[in-house]
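Here is what each chain is made of, one letter per residue.
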Amino acid sequence: MFDTTRRRVLQGLGIGGTAAVAGCTAPGGDSPATEQPQQNAAAQTTQPDVDRVAADPTDVPDPVDWSSPKHHDVELDVKEVTAEIEPGVTFNYMTFDGRIPGPMIRVRRGDTISFTLNSPDGNAMPHNVDFHAVYGTGGGAEANTVAPGESAGVDFTAKYPGAFIYHCAVPNMDYHISSGMFGMILVEPEDGLPDVDREFYLGQHELYTNKAVGEEGHHQFDMDAMANEDPTYVLFNGEKYPFTPDRYGRLQAETGETIRVYLVDGGPNVSSNFHPIGNVWTEAHRDGALGTPEEYVQTMKVPPGSCMIGTMDTPVPETIKLVDHALSRVARKGLLAEVEVAGEPDEEIFDPDPGSE
């Protein structure tokens with residue numbers, strides 16, 4: 001039996017109906033191909049210990065407004081938590097700062113960054129961060145690997161512009177990334193990005209669990225399903241249909257505004273086919289590359305481990321559905337976010353009832 005949100009979604013789409021620790025080895029250890037995730041102390045918890053893991057898409061750092069290089073101190077805290085994928089369905093997530101995706105880090109080309117990764121004593125696994133914006137072994141991951149109760153860091157200079165993923169890169173990196181350990185670092189060019197009215201930040205990834213979509217109770221991670229690339233859920237921000245009326249509410253905009261959307265695809269295996277139903281990417285930066293954008297792109301391919309920046313115009317009021325156009329992921333695996341655009345109709349552009357007076 002379909003839940004209310006899924007039924008509405010289908011109707012809207014026109015579709016019917018350091019040493020080995022807790023299942024991971026430190027760099028240089030045994031091959032992860034033979035490992036199975038062990039249930040650590042946190043994983044024994046089957047009831048939520050946090051209200052949500054879905055990051056607020058409007059929580060985006062301010063645009064770069066400085067004209068010469070500056071220094072940034074950046075810290076991320078590893079949080080292993082239990083939360084709901086959807087009501088009544090729990091999962092043991094691994095996160096940066098308790099949210100999926102991890103916080104957006106926003107700097108300017110030429111800026112220097114002192115990065116610190118903290119892992120509290122209550123954690124059970126080793127973690128680190130590979131920044132795709134870093135020149136250096138493992139994107140800094142080897143140098144910043146931490147066991148529970150440790151902190152480590154690296155200093156680096158942002159030498160090239162673009163939108164880049166960062167993610168955990170321990171040997172079982174696919175398990176950690178799938179469970180939520182990824183985010184975006186945006187390195188703006190020297191002249192910055194064009195002004196827009198609103199910015200939203202989303203992260204897509206898959207969860208591989210030992211139960212079916214919607215089956216109530218606690219879902220454990222399924223390594224075999226991940227090896228077969230057969231996800232149970234495909235999600236924005238770690239939760240099923242998070243930014244819809246039945247969860248945390250739609251994102252908001254007004255007619256005449258320009259919206260910029262940042263998408264980071266953590267994967268670990270599935271590409272996104274990112275499409276705004278009822279709209280188009282007026283400008284799109286494939287793989288987060290900040291050269292000349294492509295124009296009027298209907299669906300942008302975003303590989304796992306990459307990013308996309310797209311802008312939309314909003315000339316008429318509507319509900320824009322942000323989806324992966326591999327639509328079974330929307331209809332059956334939980335992937336959807338909606339943007340509600342409020343304002344006065346313009347019937348020269350769109351008239352939903354042309355027979356009326």
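This write-up is about the structure you can find in this document. (Residues numbered from 1 in each chain as written. Predicted model: local features only at pLDDT ≥ 70, side-chain atom pairs only at ≥ 80, totals over all residues. Heavy atoms only, no water.)

## Overview of the sheet that holds strand β6 (residues 151–157)
And step 1. With mixed pairing, the five strands of this open sheet are ordered in space as β6-β4-β1-β2-β10. Only two strands of the sheet have a single neighbouring strand rather than two, namely β6 and β10 (217–219). The average angle at which neighbouring strand axes cross in this sheet is 25°, direction not considered.
And step 2. Pairing analysis gives seven bridges linking strand β4 (residues 112–118) to β6, with the strands arranged antiparallel. Bridge pairing in β6 places threonine 116 opposite glycine 153. (Pairing = 2+ DSSP bridges. Helix = DSSP H or I, 4+ residues; strand = E, 2+ residues; numbered from the N terminus. Axes fitted to C-alpha atoms, helices over the stretch in contact; angles between N-to-C directions.)

## Section: the pattern of salt bridges
And step 1. Considering all chains together, one arrives at 11 salt bridges under this definition.
And step 2. Among the salt bridges present, the one from lysine 240 reaches glutamate 86, with a minimum N-O distance of 3.2 Å. Of this pair, lysine 240 sits in the loop between β11 (233–236) and β12 (251–254) while glutamate 86 sits in strand β1 (residues 71–86), placing them 154 residues apart in sequence.
And step 3. We classify lysine 240 as buried; its relative accessible area is 8%.
And step 4. Salt-bridge contacts for arginine 106 lead to glutamate 199; the nearest nitrogen and oxygen are separated by 2.8 Å. Within this pair, whereas arginine 106 is found in strand β3 (residues 102–108), its partner glutamate 199 is found in strand β9 (residues 198–207), the two being separated by 93 residues in sequence.
And step 5. The exposure class assigned to arginine 106 is buried, which follows from its relative accessible area of 7%.
And step 6. Residue classification places glutamate 199 among the buried positions, given a relative accessible area of 14%.
And step 7. Shared partners join several salt bridges into a network, and the residues in it are Arg106, Glu188, Glu199 and Arg260. (Salt bridge = Lys/Arg side-chain N within 4 Å of Asp/Glu carboxyl O. Buried < 20%, exposed > 50% of the residue type's maximum accessible area, 1.4 Å probe, protein only.)

## Brief notes about the nonpolar core
And step 1. Counting residues in each nonpolar core, the largest one holds 59 residues, and the members touching the most others are Tyr93, Phe96, Phe115, Phe131, Ile185 and Tyr262.
And step 2. No other element matches β1, which puts six residues into this core.
And step 3. Aside from chain neighbours lying at most four places away, what touches isoleucine 185 is Ile105, Phe131, Ala133, Phe156, Gly162, Ala163, Phe164 and Tyr166.
And step 4. Membership of the second largest hydrophobic core comes to 25 residues, among which are Leu263, Ala284, Val339 and Val341. (Core = buried A, V, L, I, M, F, W, Y, C linked by side-chain atoms within 4.5 Å. Contact = heavy atoms within 4.5 Å.)

## Here we look at the packing of aromatic side chains
And step 1. Tallied over the entire structure, the rule returns 13 aromatic pairs.
And step 2. Judged by centre distance (4.5 Å) and plane angle (50°), the rings of tyrosine 175 and phenylalanine 221 are tilted. Pair noted here: tyrosine 175 is in helix α2 (residues 173–178) and phenylalanine 221 is in the loop between β10 and α3 (223–227), with a separation of 46 residues, a long-range link. Here tyrosine 175 and phenylalanine 221 have matching classes, each one buried.
And step 3. Note that arginine 52 overlies the ring of tyrosine 248, its terminal NZ or CZ placed 3.9 Å from the centroid.
And step 4. When the ring centre of tryptophan 66 is taken as reference, the NZ or CZ atom of lysine 70 above it lies at 4.3 Å. (Phe/Tyr/Trp six-rings, centres within 6.5 Å; stacked < 30°, edge-to-face > 60°. Lys NZ or Arg CZ within 6 Å of the ring centre and 35° of its normal.)

## Let's talk about the pairing of β11
And step 1. Neither face of β11 is exposed, since Tyr233 and Leu235 on one face and Val234 and Phe236 on the opposite face are all buried.
And step 2. Sheet analysis places β9 next to β11, joined by four bridges and oriented antiparallel. Bridge pairing links histidine 205 to leucine 235 in β11.

## Some points on the side chain of glutamate 239
And step 1. Tracing the backbone shows glutamate 239 in the loop between β11 and β12.
And step 2. Among the polar contacts listed, one links the side chain of glutamate 239 to the side chain of arginine 247, at a separation of 2.8 Å.
And step 3. Filtering out sequence-adjacent residues up to four positions away, glutamate 239 remains in contact with Arg52, Val53, Ala54, Glu84, Ile85, Arg247, Tyr248 and Gly334. (Polar contact = N/O pair within 3.5 Å; in protein donor to acceptor, adjacent residues only side chain to side chain.)

## With respect to the sheet that holds strand β19 (residues 318–324)
And step 1. Strand order in this open sheet of five strands is β12-β20-β19-β14-β17, and the pairing throughout is mixed. Of all strands in the sheet, those with a lone pairing partner are β12 and β17 (300–302), marking the two edges. Here the strands of the sheet are splayed against their neighbours by 25° on average, with no regard to which way each runs.
And step 2. Bridge count for β19 against strand β20 (residues 337–342) is five bridges, and the pairing is antiparallel.

## Digging into the environment of isoleucine 100
And step 1. Along the polypeptide, isoleucine 100 turns up in the loop between β2 (89–96) and β3.
And step 2. Here isoleucine 100 falls in the buried class, since its relative accessible area comes to 0%.
And step 3. Spatially, the C-alpha atom of isoleucine 100 lies 9.4 Å from that of arginine 52, the residues being 48 residues apart in sequence.
And step 4. Filtering out sequence-adjacent residues up to four positions away, isoleucine 100 remains in contact with Val53, Ala54, Ala55, Tyr93, Thr95, Ser179, Gly180, Phe182, His205, Asn237 and Gly238.

## A word on unusual backbone geometry
And step 1. With an omega dihedral of -10°, the bond running from isoleucine 100 to proline 101 counts as a cis peptide bond.
And step 2. Positionally, proline 101 belongs in the loop between β2 and β3.
And step 3. Proline 268 follows glycine 267 through a cis peptide bond whose omega is 20°.
And step 4. Structurally, proline 268 can be placed in the loop between β13 (258–267) and β14 (272–277).
And step 5. A positive phi angle, close to 55°, is found at glutamate 229, a residue other than glycine.
And step 6. Take glutamate 229: it is sitting in the loop between α3 and β11.
And step 7. Located in the positive-phi region is asparagine 237, a residue other than glycine, with phi close to 60°.
And step 8. Mapped onto the fold, asparagine 237 is located in the loop between β11 and β12.

The values are spatial; any link to function lies outside them.
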